[in-house]
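Next come the chains, spelled out residue by residue.
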Amino acid sequence: MNGSLAIWLYAVTAAPGEAAPGEAAPARGLTGVADEPVRLVESAGLAAVVGSVPLADFDEDALRDHLEDLEWLERTARAHHRVINGAARHGQVIPLRFATLYHDDDRVRAMLRERRDDFTATLRRVAGRTEWGVKAYVDPRSFLPDPDEPTGGEGSPGTAYLMRRRAQRQDQETAHLRATERAEEIHASLAALAVATAAHPPQDTALAAYEGWMVLNNSYLVPDALSEEFTALVTDLGARYPAVTLEVSGPWPPYSFTAPPKRAEDAQPEETPS
């Protein structure tokens, strides 16, 4: 491999000879994070979906600078996921971590051989299953307790103020508890159709296009045969609980259910020997 290039990994899938009929071209026509043609590197019955990227733009120092550039980061992350999603249209894939880089194809083949058992077991586990994301939002005011009788009419103005503040805090805590319980009910219904679930932190309200609280941000690994039933259930739950706004996304490759253990050698390409 050219010493001026590094290998960017997107996903792992079954090698074309091991894939089901019609699932033999996961890299065809795709371009990657550096507009490079995407290709396969095969070993041990597996194939890594990769691209050769300029080392000058993707070595440790360059990546450190790029990761502070939000415009570059968003553009490159979109390209990374576009390749994964494109490859997934041809068969089941294991999405790999953003900015997983290797020195050359031989190192990629060695990695496939080393992790063959784990990758093969993961591909078997997610076969015929797809990830769906569900988010739930609420307006806190919808979950506030019924107003009590006024309590601020007695005592000094200072005491009345403190009592009102205490009541407001208690009302907020009650609203949050009620909204969380409703989210747990929704999750339990959805989880009954999934073979695995993954909980994610709520999105930062400053970055999300919603007001109020996000009370659910979960992924569900759903058998493909139940996909229509799952999305219909989301719609039914939204009608059953009108105070909760539900948002479903997918189908996605199983991002939340296939991450391999992080290895130190994956983090950056090795230095080219002088």
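About the cut-offs
Residues numbered from 1 in each chain as written. Predicted model: local features only at pLDDT ≥ 70, side-chain atom pairs only at ≥ 80, totals over all residues. Heavy atoms only, no water. Helix = DSSP H or I, 4+ residues; strand = E, 2+ residues; numbered from the N terminus. Buried < 20%, exposed > 50% of the residue type's maximum accessible area, 1.4 Å probe, protein only. Contact = heavy atoms within 4.5 Å. Areas by Shrake-Rupley, 256 points an atom, 1.4 Å probe, with all protein chains shown as cover. Phe/Tyr/Trp six-rings, centres within 6.5 Å; stacked < 30°, edge-to-face > 60°. Expected span 1.5 Å × (residues − 1). Arc of directions from axis to C-beta. Pairing = 2+ DSSP bridges. Axes fitted to C-alpha atoms, helices over the stretch in contact; angles between N-to-C directions. pLDDT = per-residue confidence, 0-100. Salt bridge = Lys/Arg side-chain N within 4 Å of Asp/Glu carboxyl O.

A. Representation of the overall build of the chain within the structure. Scanning the chain from N- to C-terminus turns up seven helices and eight strands. The buried share of the chain, reckoned over its 274 residues, is 38%. Excluding contacts between residues fewer than 6 apart, the proportion of contacts in the chain whose partners are at least 24 apart in sequence is 81%. Element-wise, carbon and sulfur atoms account for 50% of the exposed surface of the chain, whose accessible area totals about 15,300 Å².

B. Spatial organisation of the environment of phenylalanine 98. Here phenylalanine 98 is to be found in strand E4 (residues 93-102). Along the chain, phenylalanine 98 and leucine 9 lie 89 residues apart, while their C-alpha atoms are 8.2 Å from each other. When residues no more than four places from it in sequence are discounted, the contact partners of phenylalanine 98 are Trp8, Leu67, Trp72, Leu73, Thr76, Ala77 and His80.

C. Representation of the packing of aromatic side chains within the structure. One pass over the structure, following the stated rule, counts six aromatic pairs. Taking the centre distance of 5.4 Å and the plane angle of 80° together, the rings of tryptophan 8 and phenylalanine 58 count as edge-to-face. Of this pair, tryptophan 8 sits in strand E1 (residues 5-14) while phenylalanine 58 sits in helix H1 (residues 55-58); the two residues are 50 residues apart in sequence, bridging distant segments of the chain. Judged on exposure class, the residue tryptophan 8 and its partner phenylalanine 58 are both buried. Consider the rings of tryptophan 8 and phenylalanine 98, whose centres lie 5.3 Å apart with planes at 80°: the pair is edge-to-face. Separated by 90 residues along the polypeptide, tryptophan 8 in strand E1 and phenylalanine 98 in strand E4 bring together distant segments of the chain. Assessed through its relative accessible area of 0%, tryptophan 8 is described here as buried. By the ring-pair criterion, three or more aromatic residues cluster together here, those being Trp8, Tyr10, Phe58, Trp72 and Phe98.

D. How the structure looks around helix H7 (residues 227-240). With 14 residues, H7 should cover 20 Å at 1.5 Å per step; its first-to-last C-alpha distance of 20 Å lies within 8% of that length. Within H7, the full set of buried residues consists of Ser227, Phe230, Leu233, Val234 and Leu237. In an axial view of H7, the angular spread of the buried residues amounts to 120°, which keeps them on one side of the axis. Counted as exposed and oriented over 90 degrees from the buried face of H7: Glu228, Thr235 and Ala239.

E. Seen up close, the pairing of strand E3 (residues 46-54). Where burial is concerned, most of E3 is hidden: eight out of the nine residues are buried. As paired elements, E1 and E3 share nine bridges and run antiparallel to each other. Across the sheet, residue alanine 6 finds its bridge partner in E3, namely valine 53. Pairing between strand E2 (residues 39-43) and E3: five bridges, direction antiparallel. Residue arginine 39 lies in a different strand from E3, and its bridge partner there is valine 50. Between E2 and E3, which follow one another and run antiparallel, lie two residues, and alanine 44 among them has a positive phi close to 55°.

F. Fine view of the sheet that holds E1. The four strands lie next to each other as E2-E3-E1-E4, forming an open sheet whose pairing is antiparallel. In this open sheet, the two edge strands, each paired with only one partner strand, are E2 and E4. Sheet twist, expressed as the average angle between the axes of neighbouring strands with direction ignored, equals 25°. Helix H4 (residues 105-114) rests against E1, E2, E3 and E4 of the sheet, and its axis sits at about 50° to E2.

G. Expanded view of the confidence of the model for the chain. In this model, the chain carries an average pLDDT of 83, and 75% of its residues clear a pLDDT of 70 or more. When pLDDT is averaged over each helix and strand of the chain, the minimum, 76, is found for helix H6 (residues 157-191) and the maximum, 97, for H7. Within the model, pLDDT remains below 50 along residues 20-24, and this stretch shows four contacts once partners closer than five positions in the same chain are excluded. Low pLDDT (under 50) marks residues 263-274, which in the prediction has 29 contacts with non-local residues, meaning those over four places away or in another chain.

H. Main features of the pattern of salt bridges. The final tally for this structure, using the stated rule, is seven salt bridges. Between glutamate 74 and arginine 78 there is a salt bridge whose closest N-O contact spans 3.2 Å. With glutamate 74 and arginine 78 both in helix H3 (residues 70-88), this residue pair falls four residues apart, about one helical turn. Look at arginine 78 and you get exposed, because its relative accessible area is 55%. Each of Glu60, Asp61 and Arg64 takes part in salt bridges that share partners, so that together they form one network.

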